[in-house]
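Observations on the model geometry
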Amino acid sequence: MLKRVQDRIYTLKNWQYLVSLLLVVAVLGEMAGFWPIKAVERLEWLSYDLRVQSTLSYEEDPSIVIIDLDEHSLGELGQWPWPRQVVAELIETLFLDYDIGMLGLDIVFAEPEGNQLALQWQALRQEFPGLPEQPPLPGGDERLAEVISKFPVVTGYYFQPSVTEMDPPSIGLLPNPVHLNADPELAASLPWPTPERYSSNLDILQEAALGGGFFDNPFVDDDGIFRRVPTLQYWDGGLYPNLPLAMIYQLLGQPPLELEIAEGGGLQQLEGIDVGGYKIPTDSRGAALVPWYGGRGHFTYISAADVLQGHVDPDKLAGALAIFGASAPGLMDLRATPVASVFPGPEINASMLAGILHQSYRAEPAYTLAASLLLLGGIGLLITFVFPRLKAPAVLVVSLLLVAVHLGLNFWAWNAGWVLPVASGLLLLILLAGWHLAMNFFRESREKGWVTERFGQYVPPELVDEMVDSHESFGLEGEERELTVLFSDVRGFTSFSEGIAPAELTGVMNRLLTPITRAIHAHQGTIDKYMGDAVMAFWGAPLQDEHHASHALDGAFAMLEALEEVNVEFTAEGMKPLAMGIGLNTGFMNVGNMGSEFRMAYTAMGDNVNLGSRLEGLTKPYGVKIIVSEMTAEAAPEYVYRHLDKVRVKGRSEPVTILEPLGLQDSLDAETRNWLSAYQQAVDIYLQADFVQAKPLFEKLQKEHPQDSLPGIYLERIEHYQMEPPGPDWDGVWTHTEK
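Residues numbered from 1 in each chain as written. Predicted model: local features only at pLDDT ≥ 70, side-chain atom pairs only at ≥ 80, totals over all residues. Heavy atoms only, no water.

1. Digging into the pattern of salt bridges
Scanning the entire structure with this criterion turns up 23 salt bridges. For Glu-260, the salt bridge identified is with Lys-279, shortest N-O distance 3.1 Å. In this pair, Glu-260 is assigned in strand β9 (residues 257-264) and Lys-279 in strand β11 (residues 278-281), connecting sequence segments 19 residues apart. With relative accessibility at 39%, the residue Lys-279 sits in the partly exposed group. Residue Glu-479 is joined to Arg-481 by a salt bridge in which the shortest nitrogen-to-oxygen separation is 2.7 Å. For Glu-479, a relative accessible area of 34% corresponds to the partly exposed category. When salt bridges that share partners are traced, they join Asp-49, Asp-221, Asp-223 and Arg-227 into one network. (Salt bridge = Lys/Arg side-chain N within 4 Å of Asp/Glu carboxyl O. Helix = DSSP H or I, 4+ residues; strand = E, 2+ residues; numbered from the N terminus. Buried < 20%, exposed > 50% of the residue type's maximum accessible area, 1.4 Å probe, protein only.)

Take a look at the structure:
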């Protein structure tokens, strides 16, 4: 059953990898445009708008002004359209009285004016056939054309991307297309906007104008926000500029436009337009992001009525590039933009014009998308294969760090003039973090349940958590591993328990074994079994522990401290204090789930386990609390040891050196170290079979430390060997015949 549970956990982890990879592919595919998701697209628009709003410069540009067809002008001069004579007077006043540099008309004059004078003149001709065909004074259209021809005026018109049966044919005259310094076939092959009709100005007006530019926008996003506009549109074999580009084009003397083409993989893609050294970064369709400077009213607005009435400071207009357009709500030239929900169309053109002059456009070249895909793809793969190994706090911290890096990199690119996708990256990081957090929690819960079911009775809850965190494989089969085993036995417990009622003995045992077990668990030990008042434990399994010998010794001393606290309670209740002997051995042992199909136990077995049991049995004859083998002492050098003996225990042919741990190296005082040195000197002389010199040294030690039984043991052996001297091959080994 446990094997099946473990297999399910591995299956969950594989599913975690698979779904994570699918999330990466899904988000990257959306970014690349393979399967656009409206919700993600809207999040991307929102992130773009927030970046625009947070980085507005609000720098004023006195070189660009808007001649405003506002409510004040309508109130002063009447409803639009005004007589063409009035428009002509306005244009003439702007150039002659205020000396503007150029005027762009964000208005189209597509239909001829109904001229009352012309109608009256024709009626007179019927009565007097000899009169000329045209009246002596020009009509409104002629007057407007006459004024336009005298000054640098760029007219406006609009294209219509599609038509229906109800739409009339194109009207008016288009200006000349721009000159290109590019292969005409290449230019024609690019995916420009291709409208189906246009509405332009009367022939007489357009022929009089310096040039013209469109002011429509087929690239309004689905949420109705103006974020980008086309720089050029393709009509009847020619490319036609938008109004701001047309103004710059005419201002610079109609230089041929350069198309900046990126080539790669056999493909050619438009990345920008160069007009006389002024560069406009675009996407592949020739659309440019509007360079926003501030909210509505950022540019200087001057009422058209104030111009005609002479109420304007000439310094505000001298040399300026002016755009004549409407901000009055009733004239339908208000747009939704990232900086304001109601934004006059002329100010969008003013922003585009300022962007060209100040070269402040932001770019979205194709390579930034490719770089973003590669970067996020790499991060997605890294998350996929790293997050399943992390705990929830680490996943959160790393995720927040990645989000911060993603946002920081994006804002750095934004300030450098590049627009990188934000929402897709954030969505990917959030989805992956949420998925891995949920799966890690679910999988770790399953793993913890499995480990608890298997090892909960042997190891403390903290070690269960550590086992889950370690991601080690804890198989059912046995394995050979270097461990440190501990055996403990309470001395005199039989006589101790004789005075306790049988009903109370269970409680006493629990009071005794609970703190001892707690001491073992506190030092990462695994309880193997309880044998009455005896305990078997080991270190180094099921969780790997490089310092198992040191932790076992720490646990042994903690057990003695726990027993002292229990003895305080027992003696206060009139019971006898207890003593304990502990034996430890380090070496390779077989460890794993062992038993039968009816009952299994996680246990350690082998010769080194048996030696640990024998060492515990020697604590009583040697009169010490803890005995360790030389292997354990070598594995825990931070402790100070006293050489006890070199013995051959029952059931083992090879002799082993046994030692008593006295404490940590830095915990012994000078007196103890001097005693230990004197003791070791006596033992060394004894092992050289110089019993005559060794005897007085042990006698002195016995006199100074009567509670220590070791000098008495060696004195008995010296007496024995003096009566029966050992042979020349004597190695100092003492053979014990009892367990």
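Continuing now.
2. Points about the packing of aromatic side chains
Summed over the entire model, instances satisfying the criterion amount to 27 aromatic pairs. Taken together, a centroid distance of 6.2 Å and an interplanar angle of 70 degrees make the contact between Trp-80 and Phe-324 edge-to-face. Of the two residues, Trp-80 is situated in the loop between α3 (71-77) and α4 (84-96) and Phe-324 in strand β14 (residues 321-326); the sequence distance between them amounts to 244 residues. It is Arg-642 that lies over the ring of Tyr-679; its NZ or CZ is 4.7 Å from the centre. (Phe/Tyr/Trp six-rings, centres within 6.5 Å; stacked < 30°, edge-to-face > 60°. Lys NZ or Arg CZ within 6 Å of the ring centre and 35° of its normal.)

3. Quick word on the environment of Gln-707
Along the chain, Gln-707 falls in the loop between α22 (691-704) and α23 (710-723). By relative accessible area, which is 64% here, Gln-707 ends up exposed. A C-alpha to C-alpha distance of 9.1 Å links Gln-707 and Gly-623, two positions 84 residues apart in sequence.

4. Description of the side chain of Asn-585
Mapped onto the fold, Asn-585 is located in strand β20 (residues 579-595). Relative accessible area serves as the criterion here: at 0%, Asn-585 is assigned to the buried category. Side-chain polar atoms of Asn-585 contact the backbone oxygen of Asn-608, separated by 2.9 Å. Within polar-contact distance, the side chain of Asn-585 engages the side chain of Ser-629 at 2.6 Å. (Polar contact = N/O pair within 3.5 Å; in protein donor to acceptor, adjacent residues only side chain to side chain.)

5. Here we look at the sheet that holds β9
Pairing in this open sheet of three strands is antiparallel, and the strands run β9-β10-β11 from one edge to the other. The sheet is open, and its two borders are formed by β9 and β11, each paired with just one other strand. Pairs of neighbouring strands in the sheet enclose a mean axial angle of 35 degrees, with direction left out of account. Inspection of the sheet shows strand β10 (residues 267-275) paired to β11 by four bridges, in the antiparallel sense. Within β11, the residue paired with Asp-274 across the bridge is Lys-279. (Pairing = 2+ DSSP bridges. Axes fitted to C-alpha atoms, helices over the stretch in contact; angles between N-to-C directions.)

6. Things to note about the environment of Ala-549
Relative to the helices and strands, Ala-549 is located in helix α18 (residues 548-572). Spatially, the C-alpha atom of Ala-549 lies 35 Å from that of Phe-442, the residues being 107 residues apart in sequence. If near-sequence neighbours (up to four positions away) are discounted, Ala-549 is found in contact with Thr-484, Thr-586, Thr-632, Ala-635 and Ala-636. (Contact = heavy atoms within 4.5 Å.)

7. Focus on the side chain of Arg-227
For Arg-227, the position within the fold is in the loop between β5 (211-214) and β6 (228-230). Setting aside chain neighbours within four positions, we find Arg-227 in contact with Trp-45, Tyr-48, Asp-49, Asp-221, Ala-288, Leu-289, Val-290 and Pro-338.

8. A look at unusual backbone geometry
Cis geometry marks the peptide bond from Trp-80 to Pro-81; its omega dihedral reads 5 degrees. Counting through the fold element by element, Pro-81 comes out in the loop between α3 and α4. Residue Pro-542 is bonded to the preceding Ala-541 through a cis peptide linkage, with omega at 0 degrees. Structurally, Pro-542 is set in the loop between β19 (534-539) and α18. Despite not being glycine, Asp-236 shows a phi value in the positive range, around 50 degrees. Structurally, Asp-236 can be placed in the loop between β7 (232-235) and β8 (238-241). Residue Asp-236 is classed as exposed on the basis of its relative accessible area, which comes to 73%. The phi torsion at Gln-254 lies on the positive side, around 55 degrees, for a residue other than glycine. Mapped onto the elements, Gln-254 comes out in the loop between α9 (243-251) and β9.

9. Examining the nonpolar core
Counting 47 residues, the largest nonpolar core has Leu-232, Met-247, Leu-257 and Trp-292 as its most contacted members. Filtering out sequence-adjacent residues up to four positions away, Trp-292 remains in contact with Val-52, Leu-56, Phe-226, Thr-337, Pro-338, Val-339, Phe-343, Ile-348 and Ser-351. Residues Leu-486, Val-490, Leu-513 and Ala-549 belong to the second largest nonpolar core, which totals 38 residues. (Core = buried A, V, L, I, M, F, W, Y, C linked by side-chain atoms within 4.5 Å.)

10. Thoughts on the pairing of strand β24 (residues 656-664)
The element β24 is extensively covered by neighbouring structure, given that seven of its nine residues are classed as buried. Sheet analysis places strand β22 (residues 626-629) next to β24, joined by two bridges and oriented antiparallel. Following the sheet pairing, Val-628 is matched in β24 by Leu-659. The pairing of strand β23 (residues 639-648) with β24 spans eight bridges and is antiparallel.

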